[in-house]
Amino acid sequence: QLTQAQKDMGDILCKIVLTYSPSAWAATTAYTVGLRVRPVTWLLATGRVYVCTTAGTSGGSEPTWPTTAGDTVADGTTLVWTCKGLATQTYGVDTVNRLLKVTHPEQPYSQTANVLIENADNILTNSVLEGYQGVLSYGYHTSAGDEYSATAPLKAKAQELVSSGGRLDCQLVLFGIPDQMNE
């Protein structure tokens, strides 16, 4: 079954790569709710991002980070971190969580995008993608393989779970640097 994005684009490929680069966790540091970190050794948690869900001061040694989105870990006496998913995520018209619809007008002083991503495996239900940088790329199947051309980077401004066909899909609103400067 074709998604709306595939119907709209025909043979054109489309993907979005979302990345987030938080600061590394630090020992005996006060953290407030909503602040995001990564492990000191990035590979310890296979590239995941953690958000402070209960404020406090971190302990003297790094906690054992969970790797499942939504799982938590205590740090210090009151601090709690929640795993929010991978720091880099790719969605396309042919991935597990497919792009269902992309609206991406580019104008001289405004770049925005609305992206609807299928949440087939429910990973996006517990993921927080606001603040991620997103790069939409368009391309074609060629004899040399899939070839893409990237557009200007955008920032995820809003995320909403939308009920669709008995599942929750993820709607992202992204905006470019000129739009960020106007805020």
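The rules behind each value
- Counting of residues starts from 1 at the beginning of each chain's written sequence and follows it residue by residue.
- Where local features are concerned, this predicted model is filtered to residues with pLDDT of at least 70; where side-chain atom pairs are given and counted, the filter is 80 or more; whole-chain, interface and lining totals use all residues.
- Note that the side-chain values use all heavy atoms of the structure and ignore hydrogens as well as water.
- Here a strand is any run of E in DSSP of at least two residues, a helix any run of H or I of at least four, and the numbering for each starts at the N terminus.
- Exposure is judged per residue with a 1.4 Å probe applied to protein chains only, and the accessible area is read against the type maximum: over 50% gives exposed, under 20% gives buried, and values in between give partly exposed.
- Contact between two residues is taken to exist if any of their heavy atoms lie within 4.5 Å; hydrogens are not considered.
- Residue exposure ignores everything except the shown protein chains as possible cover, and the areas themselves are Shrake-Rupley values with a 1.4 Å probe.
- Think of it this way: Lys and Arg go in the positive column, Asp and Glu in the negative one, and His and the chain ends go nowhere.
- The term salt bridge refers to a pairing of a side-chain nitrogen on Lys or Arg with a carboxyl oxygen on Asp or Glu at a separation within 4 Å.
- N or O atoms within 3.5 Å of each other form a polar contact, as long as, within protein, one can give a hydrogen and the other can take it, and as long as residues adjacent in sequence are counted only when both atoms are side-chain atoms.
- Paired strands, as defined in this entry, are two strands with at least two bridges between them according to DSSP.
- Only centres within 6.5 Å qualify two rings of Phe, Tyr or Trp (six-membered ring in Trp) as a pair; their planes then separate them into stacked at under 30 degrees, edge-to-face at over 60, and tilted for everything else.
- Look at NZ for Lys and CZ for Arg. If either is within 6 Å of the ring centre and within 35 degrees of the ring normal, a charge sits over the ring.

Topic: the overall build of the protein chain
Part 1 of the argument: Along the backbone of the protein chain there are two helices and 16 strands.
Part 2 of the argument: Looking at the protein chain residue by residue over its 183 residues, the buried ones come to 40%.
Part 3 of the argument: Within the protein chain, residue pairs in contact and separated by at least 24 positions form 56% of the contacts whose partners lie at least 6 positions apart.
Part 4 of the argument: For the protein chain, the accessible surface area stands at approximately 9500 Å², while carbon and sulfur atoms represent 52% of it.

Description of the side chain of Arg48
Part 1 of the argument: Within the fold, Arg48 resides in strand S5 (residues 48-54).
Part 2 of the argument: Although Arg48 is buried, it makes no salt bridge; Asp71 carries the closest opposite charge, 8.9 Å away.
Part 3 of the argument: From its side chain, Arg48 meets the backbone oxygen of Thr67 in a polar contact 2.5 Å long.

Points about the pairing of strand S12 (residues 110-117)
Part 1 of the argument: Within S12, six of the eight residues are buried, which leaves the element mostly enclosed by the surrounding structure.
Part 2 of the argument: Taken together, the four bridges between strand S10 (residues 99-103) and S12 define a ladder with antiparallel strand orientation. From the neighbouring strand, Val102 faces S12, where its bridge partner is Val115.
Part 3 of the argument: Note that strand S11 (residues 106-107) and S12 share two bridges and pair antiparallel. Residue pairing in the sheet places Gln107 in a bridge with Ser110 of S12.
Part 4 of the argument: If you look at the hairpin formed by S11 and S12, you'll find two residues sitting between the two strands.
Part 5 of the argument: Where S12 and strand S16 (residues 167-175) come together, six bridges link them in antiparallel fashion. Paired with Leu116 across the strands is Gln171, a residue of S16.

A closer look at the packing of aromatic side chains
Part 1 of the argument: A full pass over the atoms with the stated rule returns four aromatic pairs.
Part 2 of the argument: Ring plane angle 40° and centroid distance 4.5 Å describe the contact between Tyr50 and Trp65, whose orientation is recorded as tilted. One end of the pair, Tyr50, is in strand S5; the other, Trp65, is in the loop between strand S6 (56-57) and strand S7 (72-75), and 15 residues separate them in sequence. In this pair, the class of Tyr50 matches that of Trp65, namely buried.
Part 3 of the argument: Three or more aromatic residues joined by ring pairs make a cluster, and in this case those are Tyr31, Tyr50, Trp65 and Trp81.
Part 4 of the argument: Between Arg36 and the ring centre of Tyr20, over which it is positioned, the NZ or CZ distance is 4.7 Å.
Part 5 of the argument: Residue placement shows Lys157 over the ring face of Phe175; its charged tip is 5.0 Å from the ring centre.

Points about unusual backbone geometry
Part 1 of the argument: At Thr28, a position not held by glycine, the phi torsion is positive, near 45°.
Part 2 of the argument: By the element assignment, Thr28 lies in the loop between strand S2 (23-24) and strand S3 (30-31).
Part 3 of the argument: Of the residues examined, Thr28 reaches a relative accessible area of 60% and is grouped as exposed.

Side note on the side chain of Thr151
Part 1 of the argument: On the secondary structure map, Thr151 appears in the loop between strand S14 (145-150) and strand S15 (154-164).
Part 2 of the argument: Take Thr151: its relative accessible area is 16%, and that puts it in the buried class.
Part 3 of the argument: One polar contact links the side chain of Thr151 to the main-chain carbonyl oxygen of Leu136, over a distance of 2.8 Å.
Part 4 of the argument: Residues in contact with Thr151, not counting those within four places in the same chain, are His104, Glu106, Val135, Leu136 and Tyr138.

Such coordinate-based values are descriptive only and should not be taken to indicate function.
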